[in-house]
Amino acid sequence: KQKPETEVRHVDKPPSALFFKYNTQLGPPYHVLIDTNFINFSIRNKLDICSSMLDCLYAKCTPYITDCVMAELEKLGAKYRVALRIAKDPRIERLICSHKGTYAD
């Protein structure tokens with residue numbers, strides 16, 4: 001007896017935009033949490049954080065930075081002085097951490 005040839009099935013993938021159809025809470029203005037690496041990357045590539053977020057996401061963005069990240073930048077010393085000055089920008093909102101220590105990762 002011969003086995004019948006296997007049928008090839010094709011399943012269409014749902015479009016990725018369908019995610020936003022059901023999750024309507026994801027929309028502008030975006031709240032972006034910034035860490036030390038994000039700030040250092042923006043310095044290395046000579047990007048302004050707020051305007052680059054606007055260019056990337058095509059919507060208004062509100063950058064946030066935690067107290068832990070600020071403490072980490074202060075601990076890193078003079079080498080990261082520029083990063084600390086950028087982190088103290090008035091356009092970047094501060095978030096208060098409720099835990100002990102300065103663990104930022």
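Residues numbered from 1 in each chain as written. Predicted model: local features only at pLDDT ≥ 70, side-chain atom pairs only at ≥ 80, totals over all residues. Heavy atoms only, no water.

### Quick notes on the overall build of the protein chain
Worth spelling out the cut-off: Counting from the N terminus, the helices are the DSSP runs of H or I reaching at least four residues and the strands are the DSSP runs of E reaching at least two. Relative accessibility thresholds used throughout: buried, under 20% of the residue-type maximum; exposed, over 50%; partly exposed, between the two (1.4 Å probe, protein chains only). Contacts are assigned to residue pairs with any non-hydrogen atoms lying within 4.5 Å of each other.
Helix and strand content of the protein chain: five helices and three strands. Start at the N end of the protein chain and walk to the C end: the helices and strands fall as α-β-α-α-β-α-α-β. Expressed as a percentage of the 105 residues in the protein chain, the buried residues total 25%. Across the protein chain, contacts joining residues at least 24 apart in sequence account for 74% of those joining residues at least 6 apart.

### Regarding the environment of E74
By secondary structure assignment, the location of E74 is in helix α4 (residues 67–75). The spacing of E74 and L84 is ten residues in sequence and 6.9 Å in space, taken between C-alpha atoms.

### Some points on the sheet that holds strand β2 (residues 61–66)
For clarity, the cut-off: The pairing criterion for strands is at least two bridges between them, as found by DSSP. Note on geometry: axes are lines fitted to C-alpha atoms, helical ones only across the stretch in contact, with angles between N-to-C directions running from 0 to 180 degrees.
Pairing in this open sheet of three strands is parallel, and the strands run β1-β2-β3 from one edge to the other. In this open sheet, the two edge strands, each paired with only one partner strand, are β1 (30–34) and β3 (93–95). With direction set aside, neighbouring strand axes in the sheet form an average angle of 35°. Relative to β2, α4 is tilted by about 65°, and along the sheet it contacts β1, β2 and β3.

### Some thoughts on the confidence of the model for the protein chain
The test is simple: A score from 0 to 100, pLDDT tells how confident the predictor is in each residue.
Overall, the prediction assigns the protein chain a mean pLDDT of 83, with 79% of residues at 70 or greater. The least confident element of the protein chain, judged by mean pLDDT, is helix α1 (residues 18–22) at 60; the most confident is β3 at 93.

### What about α4?
Where α4 is concerned, the buried positions are C68, V69, M70, A71 and L73. Against the buried residues of α4 lie β1, α2 (36–44), β2, α5 (81–87) and β3.

### Remarks on the environment of L73
In this fold, L73 is placed in helix α4. With ten residues separating them in the primary sequence, L73 and A83 have C-alpha atoms 7.2 Å apart. Leave out the neighbours within four places in its chain, and L73 touches T36, I39, Y80, A83, L84 and A87.

### Section: the pairing of β2
Burial runs high along β2: six of the six residues are buried. Taken together, the five bridges between β1 and β2 define a ladder with parallel strand orientation. Bridge pairing links H31 to T62 in β2.

### Brief notes about the nonpolar core
Threshold: What is meant by a nonpolar core is a set of buried Ala, Val, Leu, Ile, Met, Phe, Trp, Tyr and Cys residues, joined one to another through side-chain atoms within 4.5 Å.
Core analysis: the largest hydrophobic core is formed by 14 residues, its most contacted members being I34, I39, M53, I65, L73 and A87. For this core, the elements supplying multiple residues, two or more each, are β1, α3 (49–57), β2, α4 and α5.

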